[in-house]
Amino acid sequence: MLSQLPKFEHPDLLSNAIPFADASIYRISENQALVQSVDFFTPIVDDPYLYGQIAAANSLSDIYAVGARPITAMNVVSFPMNCLEPDILVKILQGGADQVAAAGAVLAGGHSIEDEEPKYGLSVTGLVDPDKMLTACGAGRGDLLYLTKPVGTGILATALKGEVLSECGMALAIDGMATLNKAASEAMLAAGASACTDVTGFGLIGHGCELAEASGVGLRIDLNALPLYPQAQDMAAIGLVPVGAHRNKKHYARQLLGAERSDPILLDLLCDPQTSGGLLIAVSAERSELLEQELRQRSVPVYRIGEVTDEHPGIMELI
Ligand code: CO
């Protein structure tokens, strides 16, 4: 659809030249660029405070994926003032505000409209040195691949909606979604990682394939090393797989090798769209130990899920 609209070109709009860039990156001086991103969605959990926290963490994620530091955020809100208690809105906004504070940024305002269904998220602005930022380009042969959060949030959210699972039953996933990618981002910068992307709506399959394509390399993913939130595998096994996962599987099928001999449940998890997912980080073998150390120091879980090859550029190979 976007191809039908005129494309803005500007020498300082650096994100134009970066394949699959989620955030806009605009150079404002020799060593500084503005990184901007906006995201909002309908409630994924019933608890309004947790919903606010998750939506805010999700909105901040694109800033962290490039190694930027968020500086300001603005609320984007729609809410049915006549049907729901105003207190619910206060809790949603409190959840978001607490995340902005934890990110070390400033909540600078926002905009709200009346709507049938609540929607919430942030418009975020960050700063990065363009020479030091990380993108989906830059992964090289022999790099190791790390993921900083388990997958399965789409499947668990589907189970929650279907009332097969309670919010208690997916407490770890809720906790994971509400976790900022701040510490993971700082760790990858400290370790000198080579490429990064955050795992969201296209699932690990989609964001992984984008990284492979952008870097002109192949990814070899060990499906059995895929970190999973508790219950996600069981819920997928009884068919609680969201439409988005099927869509992702179909869309990236041509970029996938080894799917036919893989466990179909793990394949669903590979394709599962993530809300506020972790960072997929590529790092050279020499620096991988340093990355693990930097992640652990910041209490970020260390999940090594595969490696980068020079075979099959743009392809994800499952082993
Ligand atoms: Co992203």
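So, how was this worked out
- Residues numbered from 1 in each chain as written.
- Predicted model: local features only at pLDDT ≥ 70, side-chain atom pairs only at ≥ 80, totals over all residues.
- Heavy atoms only, no water.
- Pairing = 2+ DSSP bridges.
- Helix = DSSP H or I, 4+ residues; strand = E, 2+ residues; numbered from the N terminus.
- Donors = N, O, S within 2.8 Å, 3.2 Å for Na, K, Ca; no water.
- Buried < 20%, exposed > 50% of the residue type's maximum accessible area, 1.4 Å probe, protein only.
- Contact = heavy atoms within 4.5 Å.
- Core = buried A, V, L, I, M, F, W, Y, C linked by side-chain atoms within 4.5 Å.

### Overview of the sheet that holds strand 9 (residues 256–257)
Here seven strands make up an open sheet; going across it, the order is 7-10-6-11-8-12-9 and the pairing mixed. Each edge of the open sheet carries a strand with a single partner, namely strand 7 (195–198) and strand 9. Two strands pair when backbone bridges link them, and strand 6 (residues 144–147) and strand 11 (residues 303–309) are joined in this way by four bridges, in the antiparallel orientation. Looking at the pairing, L144 lines up with E307 of strand 11.

### Details of the coordination of the cobalt ion
Within the protein, D22 (OD), D62 (OD) and D198 (OD) serve as the donor atoms for the cobalt ion, at 2.0 Å. Counting the intervening residues between successive donors of the cobalt ion yields the motif D-x39-D-x135-D. With D62 in helix 1 (residues 48–65) and D198 in strand 7, the pair connects residues that are 136 residues apart, well separated along the chain. Overall, the relative accessible area of 14% leaves D62 in the buried class. Under the relative-accessibility criterion, D198 is labelled buried at 1%.

### Topic: the environment of S24
The residue S24 is located in strand 1 (residues 24–29) in this model. What makes S24 partly exposed here is its relative accessible area of 25%. Between the C-alpha atom of S24 and that of G152, which follows or precedes it by 128 residues, the distance is 28 Å. For S24, the residues in contact, after removing those within four places along its chain, are S15, L34, V35 and Q36.

### Some points on the nonpolar core
Counting residues in each nonpolar core, the largest one holds 82 residues, and the members touching the most others are L219 and L270. Residue contributions to this core peak at eight residues, all from helix 1. The residues touching L219, leaving out its near neighbours within four places in the chain, are L145, G208, L211, A212, E307, V308, I315, M316 and E317. If you look at the next biggest cluster of nonpolar residues, it comprises 16 residues, including L144, A193, V283 and L291.

### Considering the side chain of Q99
With respect to the helices, strands and loops of the structure, Q99 is situated in helix 2 (residues 86–102). What makes Q99 buried here is its relative accessible area of 5%. Among residues more than four places away in sequence, those in contact with Q99 are Q53, A56, A57, L60, A178 and L180.

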